[in-house]
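Residues per chain are reported as follows:
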Amino acid sequence: MLELGDSGRGMRRVERYAITALPRDAMQDGAIAKPEVVEAAMRQALSELKSRTREIAMALPASSVITKKILLPKDASDNEIDTQVTAEANQLASFPVGDVSLDYQILGPNPKNPGENDALLVLARRERVEERVALAEAVGLKAMYMDVDAFATLTAYEQMAFQLPDDGKGQTVAIVDIGASTMHVNVLHDNVPVYQREHVMGGQTLTNEISRRFDMPLEDAEEAKRKGLLPDSYESEVLQPFLDAVAQEVARAIQLFFSATSFQGVDHILLAGGCAALPGLDDVVYSRTQTSTMIANPFAKMAVSGEVKARQLASDAPQLFVACGLALRRFDPT
Ligand SMILES: Nc1ncnc2c1ncn2[C@@H]1O[C@H](COP(=O)(O)OP(=O)(O)OP(=O)(O)O)[C@@H](O)[C@H]1O
Ligand SMILES: [Mg+2]
């Protein structure tokens, strides 16, 4: 959980944040498998957060939604748009449209059809949305937005594009978010998303290996990994092979991007997600891909409140990438 505020002069400020680990079986394929476990973790994070804010933005995983670019007539009435959007949704969904939660966003005029707008249609199973809204309510929070993690990633990226040459203009940038079990790849060209894909790869594998190798329960292995409190052999025998495996998967992901699109190069790789905090990952990815690689810090141009430890935030920043994109959705008019 992350709260952003204003520090004046249009500058944002990181007010406070809290991170609570979820047991691995709490979520399954984007569905909340153990609501009571997730609820307890949310309660814990909320009490650590100590915020008075009760209104939140949440996200669905990209794997739980279907998106499609559609054309909508510029002069269509709300009713006509409704009809067309529902018809498109009917074609896309593999389940009854009554079970679907759908939304669309107008992107702008279609370059080839002056009378029409490009719009992005997003469908999700209603159940996936409702289970999240219910969790928020159970801990006393109100979900104001249900976003998609891949979109929130793009919102957070806007905050750090200034760190790239020419603010990312004309560049091809791969945002690689490596979490507990999934590696999400988002590629932008000229700051516009052009490709997205998920790979099975994440920090859980490393935790498992630590647990096996040093004979400790998974929870202890997880903590030892984060704090770097492990025997000397850890670095060369466990961490290094894992970093190599991650770098190899990143290289493979980029090759897949090339074969799925007409792009032939990537100018920058931004590493996000909890695994980006692994010491040395950026160097290993750089050596493997020969592409400039940076750890994503979406807070680089934000102020930080006195309650937040700047050093800790710097190390947690990549893990807060999606949360940052969500918090940027702001709801208050001030
Ligand atoms: N300081 C750290 N050092 C090493 N690994 C870390 C650190 N902090 C978090 N991690 C690892 O990052 C992973 C969690 O990252 P993140 O919060 O991005 O995942 P997630 O979004 O919950 O998972 P997924 O995207 O797979 O659904 C865990 O495997 C955790 O062990
Ligand atoms: Mg993630």
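Only a predicted model underlies this, so the values are computations on that prediction, with no experimental measurement involved.

Asks: Break down helix α7 (residues 233-260) for me, with residues and values.
Replies: Look at α7: 40 Å from first C-alpha to last across 28 residues, which is about the 40 Å you get at 1.5 Å a residue. Of all the residues in α7, the buried ones are Leu239, Leu243, Val246, Ala247, Glu249, Val250, Ala253, Ile254 and Phe257.

Asks: Lay out the environment of Gln91 with the relevant residues and their values.
Replies: Assignment of secondary structure puts Gln91 in helix α2 (residues 78-92). Taking C-alpha positions, Gln91 is 45 Å from Arg226, a pair spaced 135 residues apart along the chain.

Asks: Which residues make up the domain arrangement of the protein, and what are the values?
Replies: Entries for the protein in the domain assignment read domain 1 (65-127) and domain 2 (165-296). Its C-alpha centre places domain 1 at a distance of 34 Å from the equivalent point of domain 2.

Asks: So, the sheet that holds strand β8 (residues 116-125): which residues are in play, and what are the values?
Replies: Adjacent strands of a sheet form backbone hydrogen bonds with each other and so pair up, either parallel or antiparallel. The strand order β6-β8-β7 describes an open sheet built from three strands, whose pairing is antiparallel. Looking at the sheet topology across the chains shown, the edges are occupied by β6 (65-73) and β7 (100-109). Strand after strand, the sheet turns through a mean of 25 degrees between neighbouring axes, direction not considered. Two strands pair when backbone bridges link them, and β6 and β8 are joined in this way by nine bridges, in the antiparallel orientation. Bridge pairing in β8 places Ile70 opposite Ala119.

Asks: So, the site of ligand 1: which residues are in play, and what are the values?
Replies: Taken together, 18 residues surround ligand 1, and among them Gly179, Gly203, Gly273, Gly274 and Ala277 come closest. For the shell around ligand 1, the secondary-structure elements that each account for two or more residues are α5 (203-213) and α6 (218-227). Residue composition of the shell around ligand 1, grouped by class: four nonpolar, 11 polar and three charged.

Asks: Any chance you could break down the sheet that holds strand β13 (residues 268-272) for me, citing the residues and the numbers?
Replies: Pairing is mixed in the open sheet, where five strands are placed in the order β12-β11-β10-β13-β14. Since the sheet does not close on itself, it has two edges, and those belong to β12 (192-200) and β14 (292-295), each with one partner. Within this sheet the neighbouring strands show an average axis-to-axis angle of 20 degrees, counted without direction. Where strand β10 (residues 172-178) lies against β13, five bridges are found, and the strand directions are parallel. If you follow Val173 over to β13, its bridge partner there is His268. Packed on one face of the sheet, helix α4 (residues 149-158) meets β10, β11 (182-189) and β12 and runs near 55 degrees to β11. Sheet contacts for α7: β10, β11, β12 and β13; angle to β12, the most-contacted strand, approximately 135 degrees.

Criteria and thresholds
- Residues numbered from 1 in each chain as written.
- Chains lettered and ligands numbered in written order.
- Predicted model: local features only at pLDDT ≥ 70, side-chain atom pairs only at ≥ 80, totals over all residues.
- Helix = DSSP H or I, 4+ residues; strand = E, 2+ residues; numbered from the N terminus.
- Expected span 1.5 Å × (residues − 1).
- Buried ≥ 20, exposed ≤ 12 C-beta atoms within 10 Å, placed from the backbone.
- Domains from an automatic or database assignment.
- Pairing = 2+ DSSP bridges.
- Axes fitted to C-alpha atoms, helices over the stretch in contact; angles between N-to-C directions.
- Near = placed C-beta within 6 Å.
- Nonpolar A, V, L, I, M, F, W, Y, C, P; charged D, E, K, R; others polar.
- Contact = placed C-beta atoms within 7 Å.

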